Amino acid sequence: MIKEFKNFISQGNLVDIAVGFVMGAAFTAIVTSFTTNVFNPFIGMLIPGIEDISSLWTFGEEGSVGAFLAAVINFVLVAVVVFFMVKAYNRMRRKADEAPTDPSVEVVLLTEIRDALRGR
C-alpha cells in the first residue's frame, strides 16, 4: 500500500491536480470579481431602480434570487472558459500525437542491416 502511494506521488498526478485546483480557485475569484464589479452593475444600469443584479427579488434578511443568479452567471462563465481551455489543450495534444517522429537509432540500424541482408 505504501509503495503504491509512493508511485502515485512520484508520477506527478498529485502535482497536476494541485496546480489545477489552485489555478481553478484563482480563476474563479477573478470571474466572481468580474461578475460582482462589472457585470452586475451593468445589468443594474439596464434595469431602472436596481443597483446590481444581486439586489433583485430579495426576501427576508438573507434571501436573494439575484444573488443566486449572480452565482449561476459565475458558474456559466467559468464553465465556458474551462471548455475552451480543454478544447485548446485537446487540439494541441492531437497535433503532438499526429506529428511524425523520427525513428530511433536502433530502428535505423536494423533497417540498414535488413536492407544489407536483402542485397546479398
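Throughout, residues of each chain are indexed from 1 in the direction in which the sequence is written. A pLDDT threshold of at least 70 governs which residues receive local features in this predicted model, and a stricter bar of 80 or more applies before side-chain atom pairs are shown or counted, although totals over entire chains, interfaces and linings include all residues. Heavy atoms throughout the structure, all of them, feed into the side-chain values; hydrogens and water do not.

Re the confidence of the model for the protein chain
Under the convention used in this document: A residue's pLDDT is the predictor's confidence in that residue, given on a scale from 0 to 100. Only DSSP runs of H or I reaching four residues or more are called helices, and only runs of E reaching two or more are called strands; each is numbered from the N terminus.
Confidence along the protein chain averages 79 in pLDDT terms, with 91% of residues attaining 70 or more. Ranking the elements of the protein chain by mean pLDDT puts strand β1 (residues 58-59) last with 72 and helix α4 (residues 105-118) first with 89.

Some points on the packing of aromatic side chains
Which entries qualify depends on this criterion: Only Phe, Tyr and Trp rings take part, Trp by its six-membered ring, and two of them pair if their centres are within 6.5 Å. Stacked means planes under 30 degrees apart, edge-to-face means over 60, and tilted covers everything else.
Taken as a whole, this structure holds 1 aromatic pair when the rule is applied. An angle of 65 degrees between the planes, with centres 5.3 Å apart, marks the rings of Phe83 and Phe84 as edge-to-face.

Structural notes on the pattern of salt bridges
Defined as follows: Salt bridges are counted wherever a side-chain nitrogen of Lys or Arg sits within 4 Å of a carboxyl oxygen of Asp or Glu.
In this structure the tally under the stated criterion is 1 salt bridge. The closest approach of N and O atoms between Arg114 and Asp115, which form a salt bridge, is 3.2 Å.

Structural notes on a nonpolar patch on the surface
Keep this limit in mind: Only residues whose relative accessible area exceeds 30% and that take part in no salt bridge are eligible for patches, with like-charged residues grouped when within 9 Å of each other and nonpolar side chains (Val, Leu, Ile, Met, Phe, Trp, Tyr) grouped when within 5 Å. Each accessible area value is a Shrake-Rupley result obtained with a 1.4 Å probe; residue values ignore everything except the protein chains displayed when judging cover.
A contiguous nonpolar patch, built from Phe68, Val72, Phe75, Val76, Val80, Phe83 and Phe84 and spanning about 710 Å² of accessible area, is present on the exposed surface. When you line up the elements, Phe68 lands in helix α3 (residues 65-98).

Looking at the side chain of Asn74
Put simply, the rule reads: Whether a residue is buried, partly exposed or exposed follows from its accessible area with a 1.4 Å probe, protein chains only, as a fraction of its type maximum: under 20%, in between, or over 50%, in that order. The contact rule is simple, with two residues in contact once any of their heavy atoms fall within 4.5 Å.
When you line up the elements, Asn74 lands in helix α3. Of the residues examined, Asn74 reaches a relative accessible area of 13% and is grouped as buried. Excluding anything up to four places from it in sequence, Asn74 contacts Val31, Thr32 and Thr35.

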